[in-house]
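Summary of structural features
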Amino acid sequence: QVQLVESGGGLVQAGGSLRLSCAASGRTFSRYHIGWFRQAPGKEREFVAAITNSGSSTYYGDSVKGRFTISRDNAKNTVYLQMNSLKLEDTAVYYCAARTAWVLIYKGNYDYWGQGTQVTVSS
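Residues numbered from 1 in each chain as written. Predicted model: local features only at pLDDT ≥ 70, side-chain atom pairs only at ≥ 80, totals over all residues. Heavy atoms only, no water.

**Let's talk about the pattern of salt bridges**
- All chains considered together, the criterion is met by four salt bridges.
- The partner of R38 in a salt bridge is E46, with the nearest N and O atoms 2.8 Å apart.
- In this structure, a network of salt bridges that share partners links the residues R38, E46, R67 and D90. (Salt bridge = Lys/Arg side-chain N within 4 Å of Asp/Glu carboxyl O.)

**Thoughts on the nonpolar core**
- Within the largest apolar cluster, 30 residues are counted, with the highest numbers of intra-cluster contacts made by W36, L81, M83 and Y94.
- Residues in contact with Y94, not counting those within four places in the same chain, are E6, L20, W36, F37, R38, V48, F68, L81, M83, G116, T117 and V119. (Core = buried A, V, L, I, M, F, W, Y, C linked by side-chain atoms within 4.5 Å. Buried < 20%, exposed > 50% of the residue type's maximum accessible area, 1.4 Å probe, protein only. Contact = heavy atoms within 4.5 Å.)

**Details of a nonpolar patch on the surface**
- Residues Y59, V103, L104 and Y106 make up a contiguous nonpolar surface patch of roughly 380 Å² in combined accessible area.
- Within the secondary structure, V103 is located in the loop between β9 (92-99) and β10 (112-113).
- Of the residues examined, V103 reaches a relative accessible area of 58% and is grouped as exposed. (Patch = residues over 30% accessible without salt bridge, like charges linked within 9 Å, V, L, I, M, F, W, Y side chains within 5 Å. Areas by Shrake-Rupley, 256 points an atom, 1.4 Å probe, with all protein chains shown as cover. Helix = DSSP H or I, 4+ residues; strand = E, 2+ residues; numbered from the N terminus.)

**Remarks on the state of the cysteines**
- Enumeration according to the criterion identifies one disulfide in this entry.
- Paired through a disulfide, C22 and C96 show a sulfur-sulfur distance of 2.1 Å. The sign of the 70° torsion about the S-S bond sets the C22-C96 disulfide as right-handed. Taken together, the residues span a long stretch of sequence, with C22 in strand β3 (residues 18-24) and C96 in strand β9 at a distance of 74 residues. For the residue pair C22 and C96, the accessibility class agrees, reading buried in each case. (Disulfide = S-S within 2.5 Å.)

**Here we look at unusual backbone geometry**
- Phi at N77 is positive, roughly 55°, even though this residue is not glycine.
- Its location among the elements puts N77 in the loop between β7 (68-73) and β8 (78-83).
- The backbone of S85 sits at a positive phi, close to 50°, despite the residue not being glycine.
- By secondary structure assignment, the location of S85 is in the loop between β8 and β9.

**So, the sheet that holds β8**
- Strand order in the open sheet formed by four strands is β1-β3-β8-β7, and the pairing between neighbours is antiparallel. Edge positions in the sheet fall to β1 (4-7) and β7, since each of these pairs with one other strand and no more. Adjacent strand axes in the sheet meet at a mean angle of 15° when their direction is disregarded.
- Looking at chain direction, β1 and β3 are connected through four bridges and run antiparallel. Note on β3: the bridge partner recorded for S7 is S21. (Pairing = 2+ DSSP bridges. Axes fitted to C-alpha atoms, helices over the stretch in contact; angles between N-to-C directions.)

**A look at the packing of aromatic side chains**
- Counted under the stated rule, the structure contains seven aromatic pairs.
- Ring plane angle 45° and centroid distance 6.2 Å describe the contact between Y59 and Y106, whose orientation is recorded as tilted. Within this pair, whereas Y59 is found in strand β6 (residues 58-60), its partner Y106 is found in the loop between β9 and β10, the two being separated by 47 residues in sequence.
- Taking relative accessible area as the criterion, Y106 reaches 36% and is therefore assigned partly exposed.
- Ring pairs connect the aromatic residues F37, F47, Y59, Y106, Y110 and W113, which therefore count as one cluster.
- Between R72 and the ring centre of F29, over which it is positioned, the NZ or CZ distance is 4.5 Å. (Phe/Tyr/Trp six-rings, centres within 6.5 Å; stacked < 30°, edge-to-face > 60°. Lys NZ or Arg CZ within 6 Å of the ring centre and 35° of its normal.)

None of this, on its own, says anything about what the molecule does.
Given below as structure tokens:
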């Protein structure tokens, strides 16, 4: 069992930066690959980024590639999403999720989900 709690969301101007955190409970955190997803009002959930359980590999959605960076600190049971050069279209609720399989990591069939944190980008 893994419980995930996101934090770090807020209001930021376009072009600015935010760092989201995903804190996990449990001693088995290092077994799980972690993904970030987002969902804007009236839109489908979108894959943002993922990182392997060891942190050795990452994968990004096309819309954030080159602007966002995912990382993790297994000693702190935390995954981070550094978001730079934010755009209006990055406005959404951001969720982190955990699963043990890496294949098709961009698909939303994860075992555990956090409650989400709101990111609002203003002009």
